[in-house]
Amino acid sequence: MAVVTWDGSSSTAYSTAANWDTGSVPGDGDDVVIPDTSSINACNVDSNDACNSLTVLTNGEIGSDAGAQLAILGEADGTGVTTDGYAVNIDGSITDNGGTSLDLDMRTQATTLIDIVPTSGSIRNLRINHASFIGTFLGDTSISGTLTITAGELKSAGSNSLTVTGDCIVEGTLTGNASAISIGSLRVDGTYSATSGTTIITSERSNGRAIDIVGTYTHNSGTLEIRTPADTDLRCPSSSSLNNLTINHASCIARPTGDNKPPIGGDLTITAGTFNTLDSDGGSSHALTVTGDASVTGTLTGNASAISLGSLTIESGGTYSATSGTTTITKTSATAGHSGQPSAIEVKSGGTFTNNDGTVLLSSSLDQDLEFDGTGNMHHLTINKSDNDVIHSSNLTIEGDLSITLATAHAFRPNTGSRTLTVTGDVTIVEGKVGDVTNYTGAMSFGSLTIESG
């Protein structure tokens, strides 16, 4: 094993022997050093080559031709000006040859370090390609093309960011720790142990999928944010549940696809764009379960799906085009809503609730608040709670039927007596009370009223 240093005395070609201080092109066992090239030719990888390690010193410059790739087979041994334990250490710059910069194929059979934080430019394609490879990237790392983990593991050191403009294909393991991760699209056949921060998806694969998870997605309580400006599919098996999902591009229409749809174990936030439960082939309307809160500033389209949400807030400018089936509100934590009660549904001024003749079912054991200050009303409302009250903090109109089943001591009531209640269909009090703690002094209008044991 030897340290071979670039001298650039003949040309920019990596494959020319005269450009190296040994008079020979580096071999598989050599540690390659690119020194300060300010006064000599920069190095350009012009064919497929291999070396033990690569070090580019400050003011050094390296690039590659289209189709040329440099394989890294080991790591530096600490001799000469190389750094012990690093497979790649780039402190200089990477040449941008009209979109072609540098392609690396990492085959190190060890635990190693990767430091690709050039002063200018970025690596184009990076491949991790050995089962025994465990590489930690140091510093904020950018890849202008594709990251492919064929085998082995790539992981971040703490909160160092990873940005991949193209596809990220994981057949081995990608470990995000606490990094900010932004990638074009995500395909997982192996394991993605996600960042505890945010994974941002900015485009989609050629098959129209922004995420395509066949293997294991471990969310680590992080957030998955879709910024894909397209009608795109999200494929994730039920064994790999998502945590927080954010849709955040005005041109995005995100759709679940595949045989099994995972629950969203945290919150669903539609900041911009649309989440649509209808498959892109138009044939299936998929169930949506969100154990946390759903906040909609864009559009949530339920079609005929079974929809289950912890709570639903429709912000100004947002729209819930409700399922024609049942929207179940399951709030299990006592987070205060707009009026101090745990929110079930809040439609803010400027928000729109389109009921599509569907049913809203309140099933939480907590107090729940309903507030409709925007446009639209519920069609059918069914209350089936074992405990606590349902309080409406606005005038309430129900365009279909109202069915109330509550524990005997609890009530469906307004937050203040002057609120009105209009039900165009039938009201059935199966059990529980209407009014009582706060009695209605405002107008009440029902299609019919049936009192069973309530």
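Our structure is the block above this text.
Throughout what follows, the structure given in this document is the object of discussion.

Reading the values: the criteria
- Residues numbered from 1 in each chain as written.
- Predicted model: local features only at pLDDT ≥ 70, side-chain atom pairs only at ≥ 80, totals over all residues.
- Heavy atoms only, no water.
- Helix = DSSP H or I, 4+ residues; strand = E, 2+ residues; numbered from the N terminus.
- Polar contact = N/O pair within 3.5 Å; in protein donor to acceptor, adjacent residues only side chain to side chain.
- Contact = heavy atoms within 4.5 Å.
- Salt bridge = Lys/Arg side-chain N within 4 Å of Asp/Glu carboxyl O.
- 1 Å grid on protein atoms, 1.4 Å probe; cavity = no way out; pocket = protein on both sides within 12 Å on 5 of 7 lines; lining within 4 Å.
- Points joined across faces, edges and corners; volume = space filled by probe spheres on them.
- Nonpolar A, V, L, I, M, F, W, Y, C, P; charged D, E, K, R; others polar.
- Phe/Tyr/Trp six-rings, centres within 6.5 Å; stacked < 30°, edge-to-face > 60°.
- Buried < 20%, exposed > 50% of the residue type's maximum accessible area, 1.4 Å probe, protein only.

Side note on the side chain of T323
Next up, step 1: Mapped onto the elements of the fold, T323 is located in the loop between β29 (319-321) and β30 (326-329).
Next up, step 2: At 2.8 Å, the side chain of T323 and the backbone nitrogen of G325 are in polar contact.
Next up, step 3: Residues in contact with T323, not counting those within four places in the same chain, are G302, N303, A304, S305, I307, N355 and G358.

Observations regarding the pattern of salt bridges
Next up, step 1: Taken as a whole and assessed by the stated rule, the structure comprises 13 salt bridges.
Next up, step 2: Here R124 and D103 are joined by a salt bridge, their closest N and O atoms 2.6 Å apart. Placement of the pair is R124 in the loop between β11 (111-116) and β12 (125-137) and D103 in strand β10 (residues 103-106), with a sequence separation of 21 residues.
Next up, step 3: Within this structure, R187, D189, R205, R209, D212 and R235 form a network of salt bridges that share partners.

Points about empty space enclosed by the protein
Next up, step 1: All chains considered together, the criterion is met by three cavities of 30 Å³ or more.
Next up, step 2: One number sums up the size of the second largest cavity: a volume of about 40 Å³.
Next up, step 3: In terms of lining residues, the second largest cavity is bounded by A322, T323, T327, F353, N355, G358, T359, V360 and H379.
Next up, step 4: For the lining of the second largest cavity, the class distribution of residues is three nonpolar, six polar and no charged.

Thoughts on the packing of aromatic side chains
Next up, step 1: Applying the stated rule across the entire model yields five aromatic pairs.
Next up, step 2: Between Y14 and W20, the aromatic rings sit 5.0 Å apart at their centres with planes inclined by 75 degrees, giving edge-to-face as the arrangement. Neither residue differs from the other here; Y14 and W20 are each classed as buried.
Next up, step 3: On the basis of an interplanar angle of 70 degrees and a centroid distance of 5.7 Å, the ring pair of Y192 and Y217 is categorised as edge-to-face. Residue Y192 is located in strand β18 (residues 191-193), and its partner Y217 is located in strand β21 (residues 216-218); the two are separated by 25 residues in the primary sequence.
Next up, step 4: A relative accessible area of 0% places Y192 in the buried class.
Next up, step 5: What makes Y217 buried here is its relative accessible area of 4%.
Next up, step 6: One aromatic cluster is present, formed by W6, Y14 and W20 through successive ring pairs.

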